[in-house]
Amino acid sequence: MLIAAVPDGPIDVPPIVGEYADGDTPVPVWRNTRGGLTFRLGDGELARFIKWMPGGDPIFEAEVARVSWAAPFIEVPRVLASGSGDDGSWMLTAGLPGHSAVDVRFTSDETAARVAARGIGAGLRRMHDALPVDRCPYSWSVSQRIARARTEGLAVAESLQTPPSIDRLVVCHGDACAPNTLLADDGAVVGHVDLGSLGVADRWADLAVATWSLEWNYAGGEFLESDLLEAYGVARDDERIEYYRALWAAT
Ligand SMILES: Nc1ncnc2c1ncn2[C@@H]1O[C@H](COP(=O)(O)OP(=O)(O)OP(=O)(O)O)[C@@H](O)[C@H]1O
Ligand SMILES: [Mg+2]
């Protein structure tokens, strides 16, 4: 099974990535579970990031639209170009000046991991507070997620059709796993990436996944959960966490 991670072996650079490199050497920074790659082009203030997915479907359309919608309210990458063709699909963005919360500087020891967990919690809170639910055209509702999963051939248990009552409706990130929060060296929140599923939902849809991802992104990371929830400013909700983790796994 392919796991999402910083690639550590040799990587074939897709031709479209080379076309946008403009003299810079593409540096692979991420490989997702679907065979997609992200490369950094250039450094510092001139850094750009290009996400690439195999296949010709214009799969970044949803992400481009959501990033553009969120940009007036929170710190997200500016989209410079996107497209699709025989060579796959891609989205080029301007670099944000932060490091993924799973950068080695945050995973190397317990103190650093706690800083990251608090940054993820604070970042999610800031996002949920800043994005206006009543102006958001995107939904990430339970019924839509289940319907979509079923069209993709996934067997979603009937029991998941009945979610817990809504605690607080917010505009959720939609993939609040740790690597999608960018942090400064001191753990301050710089911004968010990977907004292709952003939409209105109960805040526990994000919180369940953000806390869960600590377990696979930091060695023995369960102990970090309380740091994240405290920085977000909420007490653990066992029932909603259990439900939204099960929904995440099923969809
Ligand atoms: N504009 C940007 N500025 C800074 N870093 C970026 C930017 N875009 C992407 N990154 C980095 O690249 C990584 C991968 O990007 P992203 O999460 O969008 O890809 P993905 O393949 O959709 O990830 P996932 O495995 O979560 O599906 C991010 O975690 C982040 O470290
Ligand atoms: Mg990501």
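Structure first, text after, so check above.
Procedures and definitions
- Residues numbered from 1 in each chain as written.
- Chains lettered and ligands numbered in written order.
- Predicted model: local features only at pLDDT ≥ 70, side-chain atom pairs only at ≥ 80, totals over all residues.
- Heavy atoms only, no water.
- Helix = DSSP H or I, 4+ residues; strand = E, 2+ residues; numbered from the N terminus.
- Rg over C-alpha atoms; globule rule 2.2 N^0.38 Å.
- Buried < 20%, exposed > 50% of the residue type's maximum accessible area, 1.4 Å probe, protein only.
- Contact = heavy atoms within 4.5 Å.
- Pairing = 2+ DSSP bridges.
- Axes fitted to C-alpha atoms, helices over the stretch in contact; angles between N-to-C directions.
- Salt bridge = Lys/Arg side-chain N within 4 Å of Asp/Glu carboxyl O.
- Core = buried A, V, L, I, M, F, W, Y, C linked by side-chain atoms within 4.5 Å.

S.K.: Tell me about the overall build of the protein, and name the residues and values.
M.R.: If you tally the helices and strands in the protein, you get eight helices and 10 strands. Here the protein has a C-alpha radius of gyration of 18 Å; the compact-globule value for 251 residues is 18 Å, and the two agree. Along the first, second and third principal axes, the C-alpha atoms of the protein reach 50 × 45 × 40 Å. Here the protein, with 251 residues, has 47% of them falling under the buried criterion. A separation of at least 24 residues holds for 69% of the contacts in the protein among residues at least 6 apart in sequence.

S.K.: Can you tell me about the sheet that holds strand 3 (residues 48–53), naming the residues and giving the values?
M.R.: Reading across the sheet, the five strands line up as 1-2-3-5-4 and stay open at both edges, with antiparallel pairing between neighbours. Both outer strands of the open sheet, strand 1 (27–31) and strand 4 (79–85), are each paired with one neighbouring strand and no more. Strand after strand, the sheet turns through a mean of 20° between neighbouring axes, direction not considered. Strand contacts of helix 2 (residues 61–70): strand 3, strand 4 and strand 5 (88–94), with the helix running at about 165° to strand 4, the strand carrying the most contacts.

S.K.: Quick one: what's the story with the pattern of salt bridges, residue by residue and with numbers?
M.R.: Inspection of the entire model under this criterion finds 20 salt bridges. In this structure, the salt-bridge partner of Asp 185 is Arg 105, at a minimum N-O distance of 2.8 Å. One end of the pair, Asp 185, is in the loop between strand 8 (181–183) and strand 9 (189–192); the other, Arg 105, is in helix 3 (residues 104–107), with 80 residues separating them in the sequence. Note that Asp 237 and Arg 240 form a salt bridge whose closest N and O atoms lie 2.5 Å from each other. Taking the relative accessible area as the measure of exposure, Asp 237 reaches 16% and is therefore buried. Taking relative accessible area as the criterion, Arg 240 reaches 14% and is therefore assigned buried. Several salt bridges share partner residues, and in doing so they unite Glu 110, Arg 114, Arg 118, Asp 227 and Glu 230 into one network.

S.K.: Kindly report on the nonpolar core, identifying the contributing residues and their values.
M.R.: Generally speaking, a soluble globular protein has its nonpolar side chains buried in company with each other. Formed by 38 residues in total, the largest nonpolar core has its most connected members in Ile 120, Trp 204, Leu 207, Leu 214, Tyr 218, Leu 228 and Tyr 244. Among the secondary structure elements, those contributing two or more residues to this core are helix 4 (110–130), helix 5 (142–151), strand 7 (169–172), helix 6 (203–217), helix 7 (225–232) and helix 8 (238–250). The biggest single contributor to this core is helix 6, with six residues. Residue contacts for Leu 207: discarding those within four places in its chain leaves Leu 124, Leu 228, Leu 229, Tyr 232 and Val 234. Ala 70, Met 127, Leu 131 and Cys 136 belong to the second largest nonpolar core, which has 13 residues in total.

Interpretation note: all reported values are geometric properties and have no functional meaning in isolation.
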